[in-house]
Amino acid sequence: MIGSRFESLIVRRTGSLLVPLVQIFALYVLFFGQYGPGGGFVAGVMIAASLVLGQLVFGRSGLSARRARSLLAGDGMGLLIFVAVGGLGLIGGGQFLNYSEAPIPGLPDASRRYVGILLTQIGVALDVAVAAVSIVFSLSRSARGEAGNA
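Predicted model, so just to flag it, every value in this text is computed and none were measured.

The rules behind each value
- Residues numbered from 1 in each chain as written.
- Predicted model: local features only at pLDDT ≥ 70, side-chain atom pairs only at ≥ 80, totals over all residues.
- Heavy atoms only, no water.
- Helix = DSSP H or I, 4+ residues; strand = E, 2+ residues; numbered from the N terminus.
- Buried < 20%, exposed > 50% of the residue type's maximum accessible area, 1.4 Å probe, protein only.
- Contact = heavy atoms within 4.5 Å.
- Areas by Shrake-Rupley, 256 points an atom, 1.4 Å probe, with all protein chains shown as cover.
- Axes fitted to C-alpha atoms, helices over the stretch in contact; angles between N-to-C directions.
- Parallel < 35°, antiparallel > 145°, perpendicular 65-115°, else oblique.
- Left-handed = near helix turned anticlockwise from the far one by under 90°.
- Polar contact = N/O pair within 3.5 Å; in protein donor to acceptor, adjacent residues only side chain to side chain.
- Core = buried A, V, L, I, M, F, W, Y, C linked by side-chain atoms within 4.5 Å.
- Patch = residues over 30% accessible without salt bridge, like charges linked within 9 Å, V, L, I, M, F, W, Y side chains within 5 Å.
- Salt bridge = Lys/Arg side-chain N within 4 Å of Asp/Glu carboxyl O.

### Describing the overall build of the protein
Now for step 1: Broken down by element type, the protein carries 5 helices and 0 strands.
Now for step 2: The order of helices and strands in the protein, counted from the N terminus, is α-α-α-α-α.
Now for step 3: For the protein, the proportion of its 150 residues judged to be buried stands at 29%.
Now for step 4: Sequence-distant contacts, at least 24 apart, represent 62% of the contacts inside the protein between residues at least 6 apart.
Now for step 5: A total of about 9,000 Å² of accessible surface is found on the protein, and carbon and sulfur atoms cover 69% of it.

### Comments concerning unusual backbone geometry
Leaving glycine out, the prevailing phi sign among residues is negative, and the prevailing peptide bond configuration is trans.
Now for step 1: Unlike most non-glycine residues, L97 shows phi in positive territory, near 65°.
Now for step 2: Residue position: L97 is located in the loop between α4 (77–91) and α5 (109–149).
Now for step 3: By relative accessible area, L97 is classed as partly exposed at 30%.

### Overview of the packing of helix α1 (residues 9–31) against helix α2 (residues 40–58)
Now for step 1: Relative orientation of the contacting elements α1 and α2 amounts to 165°, with a least axis distance of 9 Å. As the angle between them shows, α1 and α2 are arranged roughly antiparallel. Where α1 crosses over α2, the two elements pack in a sense that is left-handed. Seen from α1, the contacting residues are V11, R12, G15, S16, L18, V19, V22, Q23, F25, A26, V29 and L30; seen from α2, they are G40, V42, A43, M46, I47, S50, L51, L53, G54, V57 and F58.

### Some thoughts on the side chain of R112
Now for step 1: For R112, the position within the fold is in helix α5.
Now for step 2: One polar contact links the side chain of R112 to the main-chain carbonyl oxygen of L107, over a distance of 3.1 Å.
Now for step 3: With sequence-adjacent residues up to four places away left out, R112 is seen in contact with Y99, S100, A102, I104 and L107.

### Here's the deal with the nonpolar core
A general tendency of soluble globular proteins is for nonpolar side chains to be buried together.
Now for step 1: Core analysis: the biggest nonpolar cluster contains 5 residues, these being A48, L51, A129, V133 and F137.
Now for step 2: Of all the secondary structure elements, the ones that give two or more residues to this core are α2 and α5.
Now for step 3: Among the elements that take part in this core, α5 stands out by supplying 3 residues, more than any other.
Now for step 4: Apart from the residues lying within four places of it in its own chain, the contact partners of V133 are A48, L51 and L71.

### Notes on a nonpolar patch on the surface
Now for step 1: On the surface, a cluster of nonpolar side chains totalling about 750 Å² of accessible area is made up of F25, L27, Y28, F31, F32, Y35 and Y114.
Now for step 2: By residue number, the principal contributor to the nonpolar patch is α1, which donates 4 residues.
Now for step 3: Topologically, Y28 is positioned in helix α1.
Now for step 4: Residue Y28 is classed as partly exposed on the basis of its relative accessible area of 48%.

### Brief notes about the environment of F82
Now for step 1: Its place among the elements puts F82 in helix α4.
Now for step 2: When its relative accessible area of 25% is taken as the criterion, F82 is described as partly exposed.
Now for step 3: Along the chain, F82 and L119 lie 37 residues apart, while their C-alpha atoms are 7.4 Å from each other.
Now for step 4: Those residues in contact with F82 that sit more than four places away from it in its chain are F96, L97, T120 and V124.

Shown next as structure tokens:
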């Protein structure tokens, strides 16, 4: 199912409009999540949903195998970003995820907190998006394998 392409012109046009809009809105939710509802988890789910929708609508050409491998290779990058940003507070002599103690020269405390929260949310969004897409791809592979054995 994930490998096939929709032949309907309406579905393909709607998908080509909807996928970029969802991704842009996901970036909005990511960057302005500390001011209202949203943040890294919600943005990661929205990015994953847009990638899966693109794969369902456009088939294999929507997300090439090389792009899928590079996306799945970034599986640990979100966690690495989260731990690295949290560890900056420890290096500065504070607690884990205490961004005001991060050794970033030239930035006041409020700016360090903003940058720390934003980088942490980017790491969470990346990790959630990659995990969700890898779950969907592995489920589609197992469904194709079971269908081939029947």
